[in-house]
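An overview of the molecular structure
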Amino acid sequence: MFDQKQLDYTQAPIVELQHSIALHAGIKLLVKREDQNHPFISGNKWWKLKYNLEAAQQQGYKTLLTFGGAYSNHIYATAAAAHELGLKSIGIIRGEETLPLNATLAFAKSKGMQLHYVSREAYRNKYSIEFNQSLTNRFGEFYLIPEGGTNTLAIKGVAEFAQQLQHEAAFDYVCLPVGTGGTIAGLIAGMNEQTQVVGISVLKNSEFLVDEVKNQLKNFSDRVYGNWHIETSYHHGGYAKTNPQLLEFIHTMNQQHQLPLDPVYTAKLMWGVMDMIEKEKFTPGSNVLMLHTGGLQGLHGFR
Ligand SMILES: *Cc1c(COP(=O)(O)O)cnc(C)c1O
């Protein structure tokens, strides 16, 4: 009923990054350019949505409803996916409407997403029974996708990606940015035991993420997973916070290595990996693969 072609998936390349810091440390740095897997549903969001979209269609839903902030890559991707599959979409957006719409929300709207703004307080209670009921009263039946797209079906999708990835290249570590933890949970679930999974948190005070990921894994499978950890010191001040050094770093990576990075996720990932190489956190001689999870649409909002 549902295959990858229906969502126009393109297998993205893996490129080697010739960076002096990595060469000096004897590390081979690879980048999986998953940001190129789809023009709109790009990066990890494609995989997180895959089985949710399938479930929504199989269960006969006509409408997707999900949640996000005004710059959310997940809102952007969900709007595009719904449009491609002929489903309606509703985005519950945290905070007040600001006009003109930013690039993310303007795009979502252009794909037919109905935007519904709620206060920060209401947003905090978005999964309560009362709030859900009020949404059903207002919008009718819908297939609910949580914030960031993170649920058990998202983990299933990312685990499938992890399995494919192991056939495409040999690597000892895979590094990725962590927001809600859904993507790292999927990678851990799909990766073989010999590969270390390293998450770079983009949130401040994110020590809670370890338990969060463990819970997500527990809901997904009975297996106990080792070989992963989350680095919590590369958030640069917190979610979506930047500073001149990070912006300069983005510029340099683009100029010298033709690697476009977004300031919210992938730049912090790259920064963290370079710092870890300098601090000799990776065994010399090993292959380190960075997962470019996408998010480049967000760049428009920062310009
Ligand atoms: C959403 C997103 C993430 C975070 O993924 P989680 O599953 O929430 O941890 C990482 N990178 C990019 C580019 C994203 O858009």
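Here, every reference points to the structure presented above.
Described below are features of the structure shown in this document. (Residues numbered from 1 in each chain as written. Predicted model: local features only at pLDDT ≥ 70, side-chain atom pairs only at ≥ 80, totals over all residues. Heavy atoms only, no water.)

1. So, the environment of S72
Along the chain, the position of S72 falls in the loop between β3 (63-68) and α3 (73-85). Residue class for S72 comes out buried when judged on its relative accessible area of 11%. Residues S72 and T104, spaced 32 residues apart in sequence, show a C-alpha to C-alpha distance of 7.2 Å. Sequence-distant contacts of S72, that is, excluding residues within four places in its chain, are made with T104 and Q297. Looking at S72, its side chain comes within polar contact range of the main-chain nitrogen of H74, at 3.1 Å. (Helix = DSSP H or I, 4+ residues; strand = E, 2+ residues; numbered from the N terminus. Buried < 20%, exposed > 50% of the residue type's maximum accessible area, 1.4 Å probe, protein only. Contact = heavy atoms within 4.5 Å. Polar contact = N/O pair within 3.5 Å; in protein donor to acceptor, adjacent residues only side chain to side chain.)

2. Quick word on the site of the ligand
In the vicinity of the ligand, 15 residues are found, and the nearest of them are K45, K48, T180, T183 and T293. Note that an oxygen atom of the ligand is positioned 2.7 Å from one of the side-chain N or O atoms of N73. In this structure, G179 approaches the ligand through a main-chain N or O atom, which is 2.8 Å from an oxygen atom. Contributions of two or more residues to the shell around the ligand are made by α2 (44-58), β7 (173-178) and α8 (182-190). If you tally residues by element for the shell around the ligand, the top one is α2, at three residues. Considering only residue class, the shell around the ligand consists of three nonpolar, ten polar and two charged. Taken domain by domain, the makeup of the shell around the ligand includes at least three residues from each of domain 1 (4-41 + 151-302) and domain 2 (44-149). (Near = heavy atom within 4 Å. Nonpolar A, V, L, I, M, F, W, Y, C, P; charged D, E, K, R; others polar. Domains from an automatic or database assignment.)

3. Overview of unusual backbone geometry
Here the residue pair L99 and P100 is connected by a cis peptide bond, since its omega of -5° sits within 30 degrees of zero. Within the chain, E280 stands out as a residue other than glycine whose phi angle is a positive 55°. Within the secondary structure, E280 is located in the loop between α11 (266-278) and β10 (287-291).

4. Quick look at the nonpolar core
Burial of nonpolar side chains together is a common tendency in soluble globular proteins. Counting 51 residues, the largest nonpolar core has L187 and V197 as the members making the most contacts within it. The two domains that each donate at least three residues to this core are domain 1 (4-41 + 151-302) and domain 2 (44-149). Counting residues in hydrophobic clusters, the runner-up holds 26 residues, among them I27, C175, I277 and V288. (Core = buried A, V, L, I, M, F, W, Y, C linked by side-chain atoms within 4.5 Å.)

5. Considerations on the environment of V198
On the secondary structure map, V198 appears in strand β8 (residues 196-201). For the pair formed by V198 and M290, sequence separation is 92 residues and the distance between their alpha carbons is 9.4 Å. Once residues within four sequence positions are removed from consideration, V198 is found in contact with Y173, V174, C175, L176, I184, H229, E231 and M276.

6. Re the pattern of salt bridges
Tallying each qualifying case throughout the model produces seven salt bridges. With a shortest N-O distance of 3.7 Å, K32 and E34 are connected by a salt bridge. When its relative accessible area of 0% is taken as the criterion, K32 is described as buried. Judged by its relative accessible area of 1%, E34 falls in the buried class. One salt bridge connects E168 with K32, and the closest N-O pair in it is separated by 2.6 Å. Of this pair, E168 sits in helix α7 (residues 152-168) while K32 is found in strand β2 (residues 28-32), placing the two residues 136 residues apart along the sequence. (Salt bridge = Lys/Arg side-chain N within 4 Å of Asp/Glu carboxyl O.)

7. A look at the side chain of K45
Counting through the fold element by element, K45 comes out in helix α2. No salt bridge is formed by the buried K45. Its closest oppositely charged neighbour is D262, at 9.0 Å. In contact with K45, other than residues within four places in its own chain, are N73, H74, A77 and G148. (Lys, Arg positive; Asp, Glu negative; His and termini not counted.)

8. Considering the sheet that holds strand β5 (residues 114-118)
In space, the four strands of this open sheet follow the order β5-β4-β3-β6, with parallel pairing throughout. Across the chains shown, the open sheet's two edge strands, defined by having one partner strand only, are β5 and β6 (143-145). Strand-to-strand, the axes of this sheet are offset by a mean angle of 20°, without reference to chain direction. Sheet topology note: the β3/β6 ladder contains three bridges and is parallel. Bridge pairing in β6 places T66 opposite I145. Across the sheet, α2 touches β3 and β6, and the angle it forms with β6 is around 170°. (Pairing = 2+ DSSP bridges. Axes fitted to C-alpha atoms, helices over the stretch in contact; angles between N-to-C directions.)

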